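In case you want the letters, here they are:
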Amino acid sequence: MKLSLPLTGVFAFALGAITVACAQDSELEKIRTKVTQALPGIEREQIRPAPVPGLYEIQQGTQFGYITSDGNYLIEGDLVELATGVSLTENKRKGERLAKIEALGEENMIVFAPAKKAAHTVTVFTDIDCGYCRKLHREIEDYNRLGIAIRYVFYPRSGPNTESFKKAQAVWCASDRKQALTQAKQGAPLSGNTQCESPIEREWVLGGELGLRGTPMLILPDGEVVNGYVPAKALAERLAVVGKG
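Just so we're clear, the structure is a prediction, and the values are computed from it rather than from any experiment. (Residues numbered from 1 in each chain as written. Predicted model: local features only at pLDDT ≥ 70, side-chain atom pairs only at ≥ 80, totals over all residues. Heavy atoms only, no water.)

A.B. asks: Could you clarify how one ought to interpret the sheet that holds strand β2 (residues 55–60) in this entry?
C.D. replies: Neighbouring strands of a sheet are bound in pairs by backbone hydrogen bonds; such pairs are parallel or else antiparallel. Strand order in this open sheet of four strands is β1-β2-β3-β4, and the pairing throughout is antiparallel. With partners counted over all chains shown, the strands left at the sheet margins are β1 (47–49) and β4 (74–76), one partner each. Direction aside, the axes of adjacent strands within the sheet are offset by 35° on average. Where β1 meets β2, three bridges bridge the pair, whose relative direction is antiparallel. If you follow I47 over to β2, its bridge partner there is I58. Across the face of the sheet, helix α2 (residues 88–104) comes into contact with β2 and β3 (63–68) while running at roughly 135° to β3. (Pairing = 2+ DSSP bridges. Helix = DSSP H or I, 4+ residues; strand = E, 2+ residues; numbered from the N terminus. Axes fitted to C-alpha atoms, helices over the stretch in contact; angles between N-to-C directions. Contact = heavy atoms within 4.5 Å.)

Structure (structure tokens):
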């Protein structure tokens, strides 16, 4: 049965939008098929429209690339908006980091917080045997005094089944984890149970997923990464800028 009345402008616009959406969905599925065949390690859901027309975004963890609309070319690198200088790719990475940190949960971290409510919370991937990690911890009271809470996540750089990993395990199994961590970072030997259930291997894997190259690695409240030790005052100044963003 055919309608005898013409479509109104509103219905015509809606129909046009649906047609465009269907065409885009069809193109996306073709791109997904082509890319997953060329790159077997990529899942279909890791491919989606990019923030700009003519490109598709491909994501694996915090690594991003861009596929041309014909599915023939992969562009590696960040997508930067020229007018503002903002890296759209890095903004995506920030969101991904925060989501993964939130999924880990603060209950799986060792937290040194100010007595009063913290103004800022920084997540730090740490290795007990890392010199700059120890330097940061020696100044933990300075960070807290400036309103910065430090949440420690373990990343034994030598990997599982090594001395650094076993030290992290001993700290987690201690009845007072904060005290045990401080002692370990001072070089004191640790004794006691090392066979308790812990998140350390999961955290070590997470560090790799987030692209960690060395410790300490700081994740700021907006998801930005800072590699290496930063003095308390300098970190507070940087966080003040982040808070205004």
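Still more ground to cover, so stick around.
A.B. asks: Just checking my understanding: could you explain the layout of surface pockets for this structure?
C.D. replies: Where empty space is left in the structure can be found by rolling a water-sized probe over the atoms. Computed from the structure, the largest pocket encloses a volume of approximately 270 Å³. What lines the largest pocket is a set of 15 residues, among which T62, L210, G211, L212 and R213 lie closest to the centre. Elements that contribute at least two residues to the lining of the largest pocket include exactly α2, α7 (200–209) and β11 (225–227). Across the lining of the largest pocket, the residue classes tally to four nonpolar, seven polar and four charged. Approximately 200 Å³ is the volume attributed to the second largest pocket. Taken together, N161, F165, K166, Q169, T194, Q195, C196, S198, I200 and E201 make up the lining of the second largest pocket. Elements represented by at least two residues in the lining of the second largest pocket include exactly α5 (163–173) and α7. Residue composition of the lining of the second largest pocket, grouped by class: three nonpolar, five polar and two charged. (1 Å grid on protein atoms, 1.4 Å probe; cavity = no way out; pocket = protein on both sides within 12 Å on 5 of 7 lines; lining within 4 Å. Points joined across faces, edges and corners; volume = space filled by probe spheres on them. Nonpolar A, V, L, I, M, F, W, Y, C, P; charged D, E, K, R; others polar.)

A.B. asks: Could you clarify how one ought to interpret unusual backbone geometry in this entry?
C.D. replies: Leaving glycine aside, a negative phi is the common case for residues, and trans is the common case for peptide bonds. The peptide bond linking T215 to P216 adopts the cis configuration, its omega dihedral lying at -5°. Position of P216 relative to the elements: it lies in the loop between α7 and β10 (217–219). Here N161, not a glycine, exhibits a phi torsion of approximately 60°, which is positive. By the element assignment, N161 lies in the loop between β9 (148–154) and α5. The exposure class assigned to N161 is exposed, which follows from its relative accessible area of 70%. (Buried < 20%, exposed > 50% of the residue type's maximum accessible area, 1.4 Å probe, protein only.)

A.B. asks: Would you explain the nonpolar core in this entry?
C.D. replies: Generally speaking, a soluble globular protein has its nonpolar side chains buried in company with each other. Counting residues in each nonpolar core, the largest one holds 30 residues, and the members touching the most others are V122, Y152, F154 and L235. It is helix α8 (residues 232–244) that provides the largest number of residues to this core, a total of five residues. In contact with V122, other than residues within four places in its own chain, are I148, A149, I150, R151, L218, I219, L220, L235 and L239. Core analysis: the second largest hydrophobic core is formed by 11 residues, I101, V153, L210 and L212 among them. (Core = buried A, V, L, I, M, F, W, Y, C linked by side-chain atoms within 4.5 Å.)

A.B. asks: Just to check I follow, could you spell out the confidence of the model for the protein for this structure?
C.D. replies: Close inspection of predicted coordinates is inappropriate for parts of the model with low pLDDT. Overall, the predicted model of the protein reaches an average pLDDT of 88, with 89% of residues at or above 70. When the criterion is pLDDT under 50, residues 1–8 qualifies, and its contacts beyond four places in sequence or with other chains add up to two contacts. Here residues 10–23 is modelled with pLDDT under 50, and outside its nearest four sequence neighbours on either side it reaches two contacts, counting other chains as well. (pLDDT = per-residue confidence, 0-100.)

A.B. asks: Can you help me understand α2 in this one?
C.D. replies: Given 3.6 residues per helical turn, the α-helix brings residues three or four places apart onto the same face. Taking 1.5 Å of rise per residue, 17 residues should cover 24 Å, and α2 covers 25 Å from first to last C-alpha, within 8% of that figure. Taken together, the buried positions of α2 are T89, R93, K94, R97, I101 and L104. An end-on view of α2 places all buried positions within 145° of arc, on one side of the element. Turned more than 90 degrees away from the buried face of α2, the exposed residues are E102 and A103. (Expected span 1.5 Å × (residues − 1). Arc of directions from axis to C-beta.)

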